[in-house]
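One letter stands for each residue in the lines below.
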Protein chains: 2
Amino acid sequence: MNVRTLCLGILSFEEASGYEIKKMVEDGLFSHFIDASYGSIYPALTQMLKEGLVSVRAEEQSGKPDKKVYAITAEGQRALNEAVNVEPKKDKYKSEFLFQMLLMERVSPRHLIAAYDKQLDELRAEFERIGTCCDSAQEHPGTRFVNGYGHAVLSAAIAYMEENRAGLAKAAGDSGLQAAE
Amino acid sequence: MNVRTLCLGILSFEEASGYEIKKMVEDGLFSHFIDASYGSIYPALTQMLKEGLVSVRAEEQSGKPDKKVYAITAEGQRALNEAVNVEPKKDKYKSEFLFQMLLMERVSPRHLIAAYDKQLDELRAEFERIGTCCDSAQEHPGTRFVNGYGHAVLSAAIAYMEENRAGLAKAAGDSGLQAAE
DNA sequence: ATCATCATATATTAATGTGATATATATCAT
DNA sequence: ATGATATATATCACATTAATATATGATGAT
């Protein structure tokens, strides 16, 4: 699945600007399982506009730069339906945090504990993000399912991280003696 | 974190060929939170060999092509220590499956159920992969931690998927009436 | 007051990485 | 024997990221 399909999927829920799409996949309800950068979103929107899959409308804003609000067209709907009726690729999960934890003997206690607490903060933030929107989205089965999935996975991750937080300080202190600072 | 650091990290556990590194991140113990393709692994190894971060030794094999077994050097150890003592980037999780579930009204019952069962199979396979190696790795704290993390997260995902399997068939049948086949 | 930083908003580009493919050989099942 | 699968390295078009440029207003620090 490419960024084009991703943008169409988001636009099928509500019209949005490129900037807003980026925010949604960064901090919003889609952030848990989707990712895309400006460098792929803007070209995708421009190309799909040319192909008639999306329409655009300029929205003037006092002071701030004009917003280009994109909306999905009928042709875009067809393209999205086609793109989504395939066998999905395997999930991809990349975690530099877990890589660092795997190599913990090489990481200084300071870095290790900072990384650990940062990870816990991010997991909690994502968990709360889902929690706040569950009620308003209870009607829509797709949103309910993915929020439920995120809720289940994140609770488990947070619980595991909290359980092992105490033991970490000792392990970091021990292994940190040989680690570079 | 780039593929170079990734390869160094793997080679710090045991020497390996490019092919073996790919297998490890694809099916092995690292597959849960790491990913890399041949197109990035081979150039990374070649470049690091030129820079002296890894050494290479050709291993003849009857019939099969010769294996180039790479090993981390002292300079590589220093580079790895430096690369790992940083603030890790945010986790990245991409799931086409969850994207499809979000847009379930657009997906045919056939595709939806196939995707669901494929997802469950993959989660179970990954769960078992971790389970089989837990005992032999109980000594090493890094491996133990990341395996425990994976175990916790995957059990939660599998449980959620199993709980919601029954309700899916109905939802798919309902929404599938409008979906393209 | 002024200076830095952050948020909004679009856009571009070098660098990185993926996914597919090519090459070569061996084994195994049908 | 034919196709599929596994071992093994390598390359490349294309997709994507991470960083940066541009422009402006608001907010907060010194």
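Residues numbered from 1 in each chain as written. Chains lettered and ligands numbered in written order. Predicted model: local features only at pLDDT ≥ 70, side-chain atom pairs only at ≥ 80, totals over all residues. Heavy atoms only, no water.

1. Side note on the overall build of chain A
The following threshold applies: The way it works is that DSSP assigns letters per residue, a run of H or I at least four long becomes a helix, a run of E at least two long becomes a strand, and they are numbered from the N terminus. Think of it in three bands: residues with accessible area under 20% of the maximum for their type are buried, residues over 50% are exposed, and the middle band is partly exposed, with areas taken using a 1.4 Å probe on protein chains only. Any two residues whose heavy atoms approach within 4.5 Å at even a single point are treated as in contact. Exposure was quantified through the Shrake-Rupley algorithm and a 1.4 Å probe, taking into account, for residues, occlusion by the shown protein chains and nothing else.
When helices and strands are counted, chain A shows eight helices and three strands. Each of the 181 residues in chain A was classed as buried or not, and the buried ones make up 45%. A fraction of 58% describes how many contacts in chain A between residues 6 or more apart in sequence connect residues 24 or more apart. Summed over all atoms, the accessible surface of chain A reaches about 8900 Å², with 54% contributed by carbon and sulfur.

2. Concerning the relation of the copies chain A and chain B
What counts here: The copies are overlaid by a least-squares fit using only the C-alpha atoms of residues whose pLDDT is at least 70 in both copies.
Placing chain A over chain B gives an RMSD of 0.2 Å and needs a rotation angle of 180°, together with 0.0 Å of translation along the axis. In short, the pair behaves as if placed about a two-fold rotation axis. Taking C-alpha positions as the reference, the residue of chain A nearest the rotation axis is A:Tyr93, at 2.2 Å. With an isologous cut-off of 70% or more, the 100% of interface residues of chain A that recur at the interface of chain B puts this contact in the isologous class.

3. Description of the protein's contact with DNA strand D
Filter applied, for reference: Here a residue is considered near a molecule or strand provided that any single heavy atom belonging to it is located within 4 Å of it. In protein, a polar contact requires one atom able to donate a hydrogen and another able to accept it; more generally it is a pair of N or O atoms within 3.5 Å, and residues adjacent in sequence count only if both atoms are side-chain atoms.
For DNA strand D, the set of nearby residues contains 23 residues, the closest of which are A:Ser37, B:Tyr19, B:Gln61, B:Lys68 and B:Lys92. Of what DNA strand D places within 4 Å of the protein, 66% of the atoms are sugar or phosphate. For DNA strand D, a phosphate oxygen lies 3.1 Å from a polar atom in the side chain of B:Tyr42. Here a phosphate oxygen of DNA strand D sits 2.4 Å away from a polar atom, N or O, in the side chain of B:Lys68. Here the surface near DNA strand D takes three residues from helix H3 (residues 38–51) of chain B, the largest share from any one element.

4. Description of the packing of helix H1 (residues 3–11) of chain A against helix H2 (residues 18–26) of chain A
All names here are of chain A. To be explicit about the condition: The convention used is that axes are lines fitted to C-alpha atoms, helices contributing only their stretch in contact, and that angles between N-to-C directions extend from 0 to 180 degrees. Here is the rule for angles: anything less than 35 degrees is roughly parallel, anything more than 145 is roughly antiparallel, 65 through 115 is roughly perpendicular, and the remaining ranges are oblique. In the scheme used here, Gly and all other residues not listed as nonpolar or charged are polar, with Ala, Val, Leu, Ile, Met, Phe, Trp, Tyr, Cys and Pro taken as nonpolar and Asp, Glu, Lys and Arg as charged.
At their nearest, the axes of H1 and H2 sit 11 Å apart, and the two run at 95° to each other. Looking at the two axes, H1 sits roughly perpendicular to H2. Listed contacts from H2 to Leu 6, Cys 7, Ile 10 and Leu 11 of H1 are Ile 21, Met 24 and Val 25. For the contact of H1 with H2, the class distribution of residues is seven nonpolar, no polar and no charged.

5. Brief notes about H3(B)
Residues and elements named next belong to chain B. Stated formally: Here, expected helix span is obtained from the residue count minus one, scaled by 1.5 Å.
Its 14 residues place the ends of H3 20 Å apart at the C-alpha level, agreeing with the 20 Å of an ideal helix rising 1.5 Å per residue. In this fold, the buried residues of H3 make contact with helix H1 (3–11), helix H2 (18–26), strand S1 (54–59) and strand S2 (67–72). Gly 52, located one to two residues past H3, shows a positive phi value of around 85°.

6. Some details on the protein's contact with DNA strand C
Inspection of the region around DNA strand C gives 25 residues, with A:Tyr19, A:Gln61, A:Lys68, A:Lys92 and B:Ser40 positioned closest. Counting only atoms of DNA strand C within 4 Å of the protein, the sugar-phosphate share comes to 67%. Measuring from a phosphate oxygen of DNA strand C, one finds a side-chain N or O atom of A:Lys92 at 2.8 Å. B:Ser40 is positioned such that a nitrogen or oxygen atom in its side chain is 3.0 Å from a phosphate oxygen of DNA strand C. Residue assignment for the surface near DNA strand C shows that the elements contributing at least two residues are H2, helix H3 (38–51), strand S2 (67–72) and strand S3 (92–94) of chain A together with H3 of chain B. Residue composition of the surface near DNA strand C, grouped by class: eight nonpolar, nine polar and eight charged.

7. As for the nonpolar core
To keep it simple, the criterion reads: To form a nonpolar core, buried Ala, Val, Leu, Ile, Met, Phe, Trp, Tyr and Cys residues must be joined to one another through side-chain atoms within 4.5 Å.
Of all hydrophobic cores here, the largest spans 95 residues; its most connected members are A:Phe145, A:Tyr149, B:Phe145 and B:Tyr149. Sorting elements by how many residues they give to this core places helix H7 (residues 141–163) of chain A first, with 10 residues. If near-sequence neighbours (up to four positions away) are discounted, A:Tyr149 is found in contact with B:Tyr93, B:Leu98, B:Gln119, B:Leu123, B:Ala157, B:Tyr160 and B:Met161.

8. Here's the deal with the environment of A:Glu139
All names here are of chain A. Following the sequence through the fold, Glu 139 ends up in the loop between helix H6 (109–134) and H7. Assessed through its relative accessible area of 67%, Glu 139 is described here as exposed. Taking the C-alpha atoms as reference, Glu 139 lies 26 Å from Val 69; in sequence the two are 70 residues apart.

9. Considering H1(B)
For H1(B), the buried fraction is high: seven of the nine residues fall into the buried class. Looking only at H1(B), the buried set comprises B:Thr5, B:Leu6, B:Cys7, B:Leu8, B:Gly9, B:Ile10 and B:Leu11. Looking at the buried residues of H1(B), the elements they touch are helix H5 (96–102) of chain A together with H2, H3, S1, S2 and helix H4 (74–84) of chain B.

10. Remarks on the interface of chain A and chain B
Note the following rule: Accessible area that two parts lose when put together, with a 1.4 Å probe and added across both, is what the buried area reports. Salt bridges are defined as contacts in which a side-chain nitrogen from Lys or Arg sits within 4 Å of a carboxyl oxygen from Asp or Glu.
Residue-level contacts link 66 residues of chain A with 66 residues of chain B. For the pair chain A and chain B, the summed buried area comes to about 6600 Å², and 62% of that belongs to carbon and sulfur atoms. Linking chain A with chain B are four salt bridges, by the criterion used here. Of the charged contacts, one joins A:Lys118 and B:Glu87 as a salt bridge, the two residues approaching to 3.7 Å between their closest N and O atoms. The interface formed by chain A and chain B contains 37 residue pairs in polar contact (both at pLDDT 80 or more). When residues of the side of chain A that touches chain B are traced back to their parent elements, those giving at least two are H1, helix H4 (74–84), S3, H5, H6 and H7 of chain A. Looking at the side of chain A that touches chain B element by element, the count peaks at 14 residues for H7(A). Grouping the constituent residues of the side of chain A that touches chain B by class yields 33 nonpolar, 17 polar and 16 charged.

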